[in-house]
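Spelled out from the first residue to the last, the chains are:
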Amino acid sequence: MWLIARRSFAEGWMRLAATLLAAVFSIGLIAGSLQFTLRAQEAVSGSDASEYSRADVLVQGGSVDADDPYAAPDGQVALGSVAGRPGVAAVAGDAMVPVSANGSDGKLVLPPAGAGTTLRPWPSDARLNPYRLESGRAPAADDEVAVTRHVARAGKLDVGDPLRVTLPKQNRTLKIVGIVTVQGHSAVASGDLLLAAPATVQRAAGLPGGTWQSVWVKAAPGVQARRLRADLARDLGQDVTVRTAAGVRNAQSADLEGAGASIGGAIGTLSSVAVFVGLFVVANTFGTLVRQRTRRLALLSAIGATPRQIKRLIRWEALALGAVASAGGVLLGYPVSGLLTRLFAEDGFDISAADAQFGWIALAAPAAAGILVTQLAAWRAARRAARISPMQALRAASADTPGRRGPRLLGAFAVFACAWIFFGGVFGIRHEEPPGPDRTVGVCVMILMGCMTTAAALAVLAPFFVGPLGGLVGRVGTAVSGEAGRLARATITRSPRRVSSAASSLMLGVALVGATALTVLSVDARFDATGNRVMLAEHAVTATGTTSNGPAPLPRDAAAKAAAVPGVSAAAALTVSDIKLVDPPPGRPSPEEPPEPVYLTVTGADQATLPSVLKLGGHLPRLRDGEIALTSTIMKGQKIKKGQRIVVRGAQGRIPLRVAAAYHDPSHLFADQAVVSSATMDRLDPDASTQVVLVRGGSEQALSHAFAGTPGVKVLDESAYVKTAAGAMTKGMRVIYGFIGMALVLALFGMATTVSMSVAERTREFGLLGAVGATMTQIKSIVRWEAATVVLLGSLLGIGTALGTVYLMHVATGSSVLSPNPPWWLFPAVIAGAATVTLATSALPSRRAAAVPILEATKAE
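Residues numbered from 1 in each chain as written. Predicted model: local features only at pLDDT ≥ 70, side-chain atom pairs only at ≥ 80, totals over all residues. Heavy atoms only, no water.

**Q** Help me out: how do you make sense of the pattern of salt bridges in this one?
**A** A side chain of one charge can pair with a side chain of the opposite charge if their charged atoms are brought near each other. If you walk through the whole model with that rule in mind, you get 17 salt bridges. Residue Lys580 pairs with Asp65 through a salt bridge whose shortest N-O separation is 2.9 Å. Of this pair, Lys580 sits in strand S18 (residues 568-583) while Asp65 sits in the loop between strand S1 (57-61) and strand S2 (77-78), placing them 515 residues apart in sequence. Taking the relative accessible area as the measure of exposure, Asp65 reaches 7% and is therefore buried. With a closest N to O distance of 3.0 Å, Arg127 and Asp125 form a salt bridge. Under the relative-accessibility criterion, Asp125 is labelled buried at 17%. (Salt bridge = Lys/Arg side-chain N within 4 Å of Asp/Glu carboxyl O. Helix = DSSP H or I, 4+ residues; strand = E, 2+ residues; numbered from the N terminus. Buried < 20%, exposed > 50% of the residue type's maximum accessible area, 1.4 Å probe, protein only.)

In structure tokens form, the structure reads like this:
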């Protein structure tokens, strides 16, 4: 059987080329997704370098958030109170000031893997200095800075270049005097570092002289870090938090591992859709190959080959094809990974700090997956080949044997039952997750996977629909094309599996396009309608750059500068920060699991001007210092009532607040979870970033002129800003579009190859039609009417799947953003596109069919 398989593979490589290309594309998606995941994890874990690598103990002012290993402490500690104590060999002050940096092209430098960028002091004591100068020198003057190597590479900067930096309270231009690495890495676990003279960082952090947020401590020789930690904690009292540096490093490493696992899971979920399409396409083309070779396989059976040997023959062919496709797919995975890297970088998640991966996992895993995919795809074809009887060698290969309805119905039911693995997960997510974006995304992903599995069940049932639709198309064809239409009807109804194979690939393409278009149009329409209703301001001053957390911050003086423009009646800056809900504490999902911390995005605004620029729902009064307004969704999910006192943790520690009102932001673009006054925001986070300045009055030209000297700032009108804010809310969609686009190309490729192979399968039939007098025009017409059946069946099933997917998302999430109300032109456009693609892919096969010579037909298989 191996010799027969090898000869068949060598002789029929042109016939196998289409299946081989489909397998290469499918394995390329697997390899590219895995390559990107490994690279992302390398970017995350590869930055598992720590600025605390030479410290033994950290003395941090006030308290720290135990759930966030990167959070700054909320108090201050005097350097002199730690220096000189027993067991202390050296000390260095530390402070973390969040900043953003611009490269040589003026664009924002994205920190690696969704981390942040902070301004930190250069340690004066070499015993605690973890930074290695790769070039240049240490910063000394107030306007000098050393940067980690990732900042230099990503921003295309070098020693001596100016660096534009946005600090919490001002913009500055600093001079790069050094480029450093930390433990051989280009960044640290918390992201990128800008290292300046200690006095510069102290002023930027607003710290009094001699005090710091943290103090790094080097233990004296022979003193254990744990013992020194205990001694310092006892002597310094409760106003500080003392931790071992190793404990902080371990917490950051654990967080990085969790982030890497999350990234891998997200990419795996997205890539599974494309892999499913690839598996489907390869299975379809393999099935067509078996039908093409019915006569040869029947002759093998007639001369004594057993069903087991026939199965082995198909599997050997699949193994050879899988090996070749795996090699090509692994190579294709690198450009696919590069495309994903660019798409993620546009949404603020940069992994360019990590190089392409060439380890055994990156190479062997997709190759093994490719062989497994082709073996699974060939499983059904091998079973069908084993059932071919010797008598079938005497009849045309293009005629289907009458299949049994029972096994097909049972198979479809089994596939649909598998879909409930995903649909059942929806109930689990709704039970465990509180209302919010995380639950909505999780539910949508489960429904998408379930509906794609349901589409596979519809593909199994597709041959049952070919007869009625073929009859309908045949009657239309007879009325239009006469005898050619009648012959088309006969060929369609005689071979339903051939038609359904092509229609199934088209169905997946239509379903992907339809579901994506429905979702995007629904989200855009919702944001556009509600955003323009909520935003009363005519203009918005916003930043051009994008970080992993959303738009880049604006300078703190942006609101005052906008208010000074002639004609402006109101200018309100919306500042944003994350706070942790401490009391009431979050509930446990189960007695065995610890509660998940609850973080809220709070928006600060001047209460006098807020009603002039935003029209939020509910009854939102003018908030006073110490008051907070929460959305009704948050209050319901956390069981909080109006008038209740809660305790939150911000950058300045724990602060009690009174819930003054419940409100809602219908647009989810401006204040989606909580609102406080500017005074309260200063208590929560004095360095909160300014996200946007909403302006009433004035002209766009005057505002643009006022901010002409501020880099990275633009002025937008109402509609333009709503679109920009909506784009920030839906970041990550580019990646989803990329995966769906690749899956769509693969699905259409599968349809085209199936149509082309079905024509080659019917060489004898078309040649004999020519022999009995059919013209080339009539033969072309037969192929085109069959293509019309493919379009009708694939479009109906695909549109039904798309509508069902979005409707289930709407019902399961309860989100008004996901509404299955398509515009009237959507599905006609999808059907027109499907018809265009199908007719275009059938044009060459129809010409080939019309040109089949009679002598070639007599010797066809």
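**Q** Is there a simple way to explain the packing of helix H12 (residues 483-494) against helix H13 (residues 496-534) in this structure?
**A** How two helices pack is summed up by the angle between their axes together with the distance between the axes. Closest axis-to-axis distance for the H12/H13 pair is 5 Å, and the angle between their directions is 85°. Classified by the angle between their axes, H12 and H13 sit roughly perpendicular to one another. Within the contact between the two elements, H12 uses Thr491, Ile492, Thr493 and Arg494 and H13 uses Pro496, Arg498 and Val499. Looking at the contact of H12 with H13 residue by residue, the classes come out as three nonpolar, two polar and two charged. (Axes fitted to C-alpha atoms, helices over the stretch in contact; angles between N-to-C directions. Parallel < 35°, antiparallel > 145°, perpendicular 65-115°, else oblique. Contact = heavy atoms within 4.5 Å. Nonpolar A, V, L, I, M, F, W, Y, C, P; charged D, E, K, R; others polar.)

**Q** For this particular structure, what's the right way to read helix H19 (residues 718-729)?
**A** Quick reminder: α-helices carry 3.6 residues per turn. Residues three or four places apart thus point the same way. Taking 1.5 Å per residue as the helical rise, H19 with its 12 residues ought to reach 16 Å, and the 17 Å between its terminal C-alpha atoms agrees with that figure. The inward-facing, buried residues of H19 abut H13, strand S15 (539-543), strand S25 (689-697) and strand S26 (713-717). (Expected span 1.5 Å × (residues − 1).)

**Q** Would you mind going over a nonpolar patch on the surface with me for this structure?
**A** A surface patch of nonpolar side chains, amounting to about 350 Å² of accessible area, comprises Phe416, Trp420 and Phe427. Position of Phe416 relative to the elements: it lies in helix H10 (residues 405-432). (Patch = residues over 30% accessible without salt bridge, like charges linked within 9 Å, V, L, I, M, F, W, Y side chains within 5 Å. Areas by Shrake-Rupley, 256 points an atom, 1.4 Å probe, with all protein chains shown as cover.)

**Q** Help me understand the sheet that holds strand S14 (residues 240-244), please; the structure alone is not making it clear to me.
**A** Remark on secondary structure: sheet strands pair via backbone hydrogen bonds, oriented parallel or antiparallel. Spatial ordering of the open sheet is given by S3-S13-S1-S14, a layout of four strands whose pairing is antiparallel. Strands at the two margins of the open sheet, each flanked by one partner only, are strand S3 (88-94) and S14. Strand-to-strand twist of the sheet, defined as the mean angle between neighbouring strand axes without regard to direction, takes the value 20°. Packing against the sheet, helix H5 (residues 225-236) makes contact with S1, S3, strand S13 (214-219) and S14, and its axis sits at approximately 175° to S14. (Pairing = 2+ DSSP bridges.)

**Q** Explain the packing of aromatic side chains here, please?
**A** Under the defined criterion, the tally for this structure stands at five aromatic pairs. Between Tyr52 and Trp216 the ring centres are 5.7 Å apart and the planes differ by 80°, which places this aromatic pair in the edge-to-face class. Residue Tyr52 is found in the loop between helix H2 (13-45) and S1, and its partner Trp216 is found in strand S13; the two are separated by 164 residues along the sequence. Both residues of the pair, Tyr52 and Trp216, count as buried. Aromatic pair Phe670 and Tyr721: ring centres 6.1 Å apart, planes at 40°, arrangement tilted. Of this pair, Phe670 sits in the loop between strand S23 (653-664) and strand S24 (674-677) while Tyr721 is found in helix H19, placing the two residues 51 residues apart along the sequence. Residue Phe670 is classed as buried on the basis of its relative accessible area of 4%. One aromatic cluster is present, formed by Phe416, Trp420 and Phe423 through successive ring pairs. (Phe/Tyr/Trp six-rings, centres within 6.5 Å; stacked < 30°, edge-to-face > 60°.)

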